[in-house]
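# Notes for the structure review
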Amino acid sequence: MTPADLQPASFATYPALAQAFAIKHLALLRELPMSVCPSFLVQIIAFDTRFPVERETLEWQCASLESMEAQRRASLLNPLQAIALPEELKRTNWVRSPGVFVEQLTASLWSSGQINAFHTASKALFEAIPERTDTTDRLLLIVLGQGANVSRPSLMRKLARQGIRLEGIDAASAKTQIMAEVSDRAKRMPASYAHWYMDGGTAWDVPASFDPVVSTSYEQLAPLRRYVLAKMKSILQSGQSGAEQMRTRLSEMPTQGSISARVNPDPVLQRFYTELFTEGSGTQIFSTSFVQWAGRELARRAQPTTLLLRYGPRQRHRGLNEMVEEPDSMTPDPEGSLVDAEMNAFYNWIAMKRITAPGRLTTLAWAEGSSRAVLISAGTKPNTISNRPLTISQALRAKYV
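Scoring rules and cut-offs
Residues numbered from 1 in each chain as written. Predicted model: local features only at pLDDT ≥ 70, side-chain atom pairs only at ≥ 80, totals over all residues. Heavy atoms only, no water. Helix = DSSP H or I, 4+ residues; strand = E, 2+ residues; numbered from the N terminus. Expected span 1.5 Å × (residues − 1). Buried < 20%, exposed > 50% of the residue type's maximum accessible area, 1.4 Å probe, protein only. Arc of directions from axis to C-beta. 1 Å grid on protein atoms, 1.4 Å probe; cavity = no way out; pocket = protein on both sides within 12 Å on 5 of 7 lines; lining within 4 Å. Points joined across faces, edges and corners; volume = space filled by probe spheres on them. Nonpolar A, V, L, I, M, F, W, Y, C, P; charged D, E, K, R; others polar. Axes fitted to C-alpha atoms, helices over the stretch in contact; angles between N-to-C directions. Parallel < 35°, antiparallel > 145°, perpendicular 65-115°, else oblique. Left-handed = near helix turned anticlockwise from the far one by under 90°. Contact = heavy atoms within 4.5 Å.

### So, helix α8 (residues 115–127)
- In this model, α8 (13 residues) spans 18 Å end to end at C-alpha, consistent with the 18 Å of a helix rising 1.5 Å per residue.
- Buried residues of α8: Ile115, Phe118, Ala121, Ser122 and Leu125, and no others. Taken down its axis, α8 places every buried residue within 135° of arc, on the same side. Looking at α8, the residues exposed on the side facing more than 90 degrees away from the buried face are Asn116, Thr120, Lys123 and Glu127.

Below you can see the structure in the form of structure tokens.
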């Protein structure tokens, strides 16, 4: 079968929303080359459990290509049509299992020396799709340093170079005010999956008024994490534990099931939480990696209006096999965790900055239990210091210029 042969019945096994979406855009899918059509189907087949922003983005991409002048669209698709594919790859059931096809396609492109041509053509196609206008005011709150020495002058150095270092934060009220800021924004700007609190340890007590904030923690997701680790252990013991094999086997794990349902009844969150552990690097073992990856994926996929990330002490580094064998034999490493968190917080800021219009992102990183924080916003001057006594709420609203 080629994309031109697709029929409404081709998507009979897809979930309801995915099936309807595929049929709606069937004419476009028929026109896409074999080298790229399955990539669209990867997104479509999971449509029912994607975040609203992911659904809107896919709809925007398809609608933009459909509304494009036919000759322009053809000129963009021709280089992708010219990609040569092995006959055995063409014969796979790429409609039912598009993800498997895409993995095999990648290997084929590398081995045949066509990977650069494919990347160039794919980039040109997606760059031709106009960007969506976004004027969302986003808030990123980061808490780090729990149990560590946060008195050194170089604390959060990379973030501080981008904004103002605050040395007079009221530590006693900081936690309460951070939670209140998140809760208030969720009430003022209600939207599904727009406001998040991700904790790398035992979460702060969440007030009843916290709804509709989505909140979870490393501890709360422990059953799912242990399930993935058991799968990793099985792969390691099978003797087929190369990086590619591990990735492929983990990607085959269902994103919905009894384990994921135990941590959350929402199918969209079940998929997201499962993929944090099956696709993330080190998320199954290190809580700091979990928080950083969760922040990265939320910025990319959910594009939150409000995001609170709290880093906690991770376990001491050991050999991979040992950590997989004994995932809960944990000796905390607060100082090493702080080093991780400082770098990861910088990456979290970059990820949120990429999805936010200039001047629309406010970032505040607080060293837990201390008077020290860093603020980056449209009104802060980079690489400056303020010793003014401030609460978190005052810091977020103060004028620094």
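Having put the structure on the table, let's press on.
### A short note on the layout of surface pockets
- Of the volumes computed, that of the second largest pocket is approximately 330 Å³.
- Leu139, Thr362, Ser377, Leu396 and Arg397 are, among the 20 residues lining the second largest pocket, the residues nearest its centre.
- Of all elements in the fold, only β1 (138–144), α10 (171–188), β6 (361–367) and α18 (392–397) reach the threshold of two or more residues within the lining of the second largest pocket.
- For the lining of the second largest pocket, the class distribution of residues is eight nonpolar, four polar and eight charged.

### A short note on the environment of glutamine 270
- By the secondary structure assignment, glutamine 270 is in helix α14 (residues 267–278).
- Along the sequence, glutamine 270 and threonine 49 sit 221 residues apart, while their C-alpha atoms lie 8.5 Å from each other.

### Section: the packing of α14 against helix α15 (residues 287–302)
- Taken N-terminus to C-terminus, the directions of α14 and α15 make an angle of 130°; their axes are 10 Å apart at the nearest point. On the basis of their axis angle, the class for α14 and α15 is oblique. Between α14 and α15 lies a crossing of right-handed hand. Listed contacts from α15 to Arg271, Phe272, Glu275, Leu276 and Phe277 of α14 are Phe290, Trp293, Ala294, Glu297, Leu298 and Arg301.
- A per-class count over the contact of α14 with α15 returns seven nonpolar, no polar and four charged.

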